[in-house]
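Observations on the three-dimensional arrangement
Spelled out, the chains give:
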Amino acid sequence: MKGAKLENQPTSTDCFGSHFDEMLYYTEIMGAVFSQSVNILSPLTLALLEDSGWYRANYQSDYVQISMFGHGAGCNFIENNCIDSNGKVPYEFQEHFCSTPISLSNGGQINVAQSGSQTCDPSHTQKTYCDLVDINQVVGIGKTGTILEPAPPKFQYFEGRPNIRPYIFTNADFCPVPHLDPQSCIEFNGRSQISSEQVQAGEYYGSDSRCIETDGSRTYSLCLQTRCNVELGKVQITAAGQQRTCQYDGEIHTILYNYNNNGELRIKCPKAALVCPDLFCPANCAGRGDCVYASDREDDDDLFWDTTTHARCVCDSDDDDSDGCFGSNLTFPAVYGYAYENPDKADKTMFMIIVGSLVAGLAVIFVAVRQWKARQNVFM
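None of the values given here were measured: they were computed from a predicted structure.

Section: the overall build of the chain
Of regular secondary structure, the chain possesses five helices and 13 strands. Burial analysis of the chain (380 residues in total) assigns 42% to the buried set. For the chain, contacts bridging at least 24 residues in sequence account for 50% of all contacts bridging at least 6. When the accessible area of the chain is evaluated, it comes to approximately 21400 Å², of which 51% is carbon and sulfur surface.

Comments concerning the environment of V89
Mapped onto the elements of the fold, V89 is located in the loop between α2 (75-79) and β1 (119-120). For the pair V89 and P176, spaced 87 residues apart in sequence, the C-alpha separation works out to 9.8 Å. If we ignore the near neighbours within four places in the chain, the residues touching V89 are C82, I83, Q94, F97, C98 and S99.

What to know about the nonpolar core
In this structure, L222, I255 and I267 are the most contacted members of the largest nonpolar core, which totals 27 residues. Listed by contribution, the elements that provide at least two residues to this core are β7 (222-229), β8 (234-239), β10 (252-256), β11 (265-268), α4 (272-275) and β13 (311-315). Setting aside residues no more than four positions away along its own chain, L222 makes contact with K127, Q198, A201, E203, R210, C211, I212, I255, L265 and I267. By size, the runner-up hydrophobic cluster in this structure holds 26 residues, among which are Y26, F77, F93 and A151.

Focus: the pattern of salt bridges
Under the defined criterion, the tally for this structure stands at eight salt bridges. Put simply, R56 and E50 hold a salt bridge, and the shortest N to O gap is 3.8 Å. Residue E50 is classed as buried on the basis of its relative accessible area, which comes to 1%. In this structure, R266 engages E264 in a salt bridge whose closest nitrogen and oxygen atoms are separated by 3.0 Å.

Quick notes on the side chain of T27
Examined against the element boundaries, T27 turns out to sit in the segment before α1 (43-51). Classification of T27 by relative accessible area gives buried; the value is 0%. Polar contacts involving the side chain of T27 include one to the side chain of S67, which spans 2.5 Å. One polar contact links the side chain of T27 to the main-chain amide nitrogen of F69, over a distance of 3.4 Å. With residues up to four places along the chain from it excluded, the contact list for T27 reads V38, N39, I40, S67, M68 and F69.

Topic: the packing of aromatic side chains
The full count for this structure, using the stated rule, is 11 aromatic pairs. When the centroid spacing of 5.4 Å and the interplanar angle of 75° are considered together, the rings of Y26 and F169 count as edge-to-face. Note that Y26 is positioned in the segment before α1 and F169 in the loop between β4 (164-165) and β5 (178-184), a separation of 143 residues in sequence. Taking relative accessible area as the criterion, Y26 reaches 5% and is therefore assigned buried. Under the relative-accessibility criterion, F169 is labelled buried at 9%. Taken together, a centroid distance of 6.0 Å and an interplanar angle of 40° make the contact between F280 and Y293 tilted. Within this pair, whereas F280 is found in the loop between α4 and β12 (289-293), its partner Y293 is found in strand β12, the two being separated by 13 residues in sequence. This pair shows no difference in class: F280 is buried, exactly as Y293 is.

Some thoughts on the side chain of D320
As for its placement among the helices and strands, D320 is situated in the loop between β13 and α5 (343-375). Notably, D320 is buried but unbridged: the nearest opposite-charge side chain belongs to R288, and the N-O separation is 7.2 Å. In this structure the side chain of D320 is engaged in a polar contact, spanning 2.9 Å, whose partner is the backbone nitrogen of G327. A polar side-chain atom of D320 sits 2.7 Å from a polar atom in the side chain of S328. The contact partners of D320, leaving out residues within four places of it in the chain, are C315, C325, F326, G327 and S328.

Examining the sheet that holds β8
On the basis of which strands lie adjacent, the open sheet formed by four strands has the order β6-β7-β8-β9 and antiparallel pairing. Edge positions in the open sheet fall to β6 (209-212) and β9 (242-246), since each of these has one partner strand only. Between one strand and the next, the sheet's axes are offset by a mean angle of 45°, whatever the strand orientation.

As for the state of the cysteines
Enumeration according to the criterion identifies nine disulfides in this entry. The disulfide partner of C98 is C130, and the S-S distance across this bridge is 2.1 Å. In this structure the cystine formed by C98 and C130 twists about its S-S bond by roughly 85°; its chirality is therefore right-handed. Here C98, found in the loop between α2 and β1, pairs with C130, found in strand β2 (residues 126-130); they are 32 residues apart in sequence, far enough to count as distant. In this structure C98 comes out as buried when scored by relative accessible area, which is 8%. In this model, C120 is linked to C211 through a disulfide, with the two sulfur atoms separated by 2.0 Å. The sign of the -75° torsion about the S-S bond sets the C120-C211 disulfide as left-handed. Of this pair, C120 sits in strand β1 while C211 sits in strand β6; the two residues are 91 residues apart in sequence, bridging distant segments of the chain. Each member of the pair, C120 together with C211, is buried.

Conventions used here
- Residues numbered from 1 in each chain as written.
- Predicted model: local features only at pLDDT ≥ 70, side-chain atom pairs only at ≥ 80, totals over all residues.
- Heavy atoms only, no water.
- Helix = DSSP H or I, 4+ residues; strand = E, 2+ residues; numbered from the N terminus.
- Buried < 20%, exposed > 50% of the residue type's maximum accessible area, 1.4 Å probe, protein only.
- Contact = heavy atoms within 4.5 Å.
- Areas by Shrake-Rupley, 256 points an atom, 1.4 Å probe, with all protein chains shown as cover.
- Core = buried A, V, L, I, M, F, W, Y, C linked by side-chain atoms within 4.5 Å.
- Salt bridge = Lys/Arg side-chain N within 4 Å of Asp/Glu carboxyl O.
- Polar contact = N/O pair within 3.5 Å; in protein donor to acceptor, adjacent residues only side chain to side chain.
- Phe/Tyr/Trp six-rings, centres within 6.5 Å; stacked < 30°, edge-to-face > 60°.
- Lys, Arg positive; Asp, Glu negative; His and termini not counted.
- Pairing = 2+ DSSP bridges.
- Axes fitted to C-alpha atoms, helices over the stretch in contact; angles between N-to-C directions.
- Disulfide = S-S within 2.5 Å.

Here it is as structure tokens:
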């Protein structure tokens, strides 16, 4: 997809189209709504700034990260609905959206016993619940006594059930996002008790901890130490005292067999593109190349001789052999009148603009002073 889709719904007092579309760019700092979990300064935002002609970006900065929302999901994420005709989340949308409604207590808290299982937010940095309710059972936030309205017809994804819609967040075209009751894996916030079973499973909090879902063997999610192994090109999770390598997305690992007679506890490997986005085309090729996925390679394609590589940058410059096309010059569409940037020319042009502005400013000040003194009958 060329470019980026802009927001198609009003957000507070914002104008239509003034931010990236929340449906596709939920974790972007340039998204229309500030996220509770993560707001990423991404290569996409830097590319937008560069295309303005006013900025030159440092894609290798520690402050720049690949936005994981929709990362590696393919064209179906752009072209299809977040919920299929059976009311389920299609594979491409899994770990981004959800379809298990929650139930609220009289006090407005999530009734865990009557709600769907705890899950993870799209960044996998927080345990969360699905933002999906039956509007016949709840009232709008801040509107006591007012029943929530059904979603607009084009955003009603559950056939024959117009009463099912998100409770709070509707800017993702009313697609339900798992973000309610966030409990960080980076820093324990004390909002929930950690059971002895979770301790045995390896519950862990820190900068390298990520939220890991179970396969349904439990109704809770876990915070587990997670590593992005660049040499293997794999996600590795430490659970129950052992490091477990995810050979593929969704792989199931049994970590406890019958602790306290609760039966097996099994975890599901997260999508590598979400928890380890830099294993796929660092900095999204810095806007100076194309990211080619191993799944799309041709039979005679020699880009993927290394079987640990998920995706590889094909740079605009044949001389650039860096992982993220950091050595390529920025290219521009022909509509700008030139194809490549000229750093020397850009520097000289900017210097002349600055010097010219200073000279013009001094001249204006000089003339103004002369006129003022003339009115005072004081001559230079």
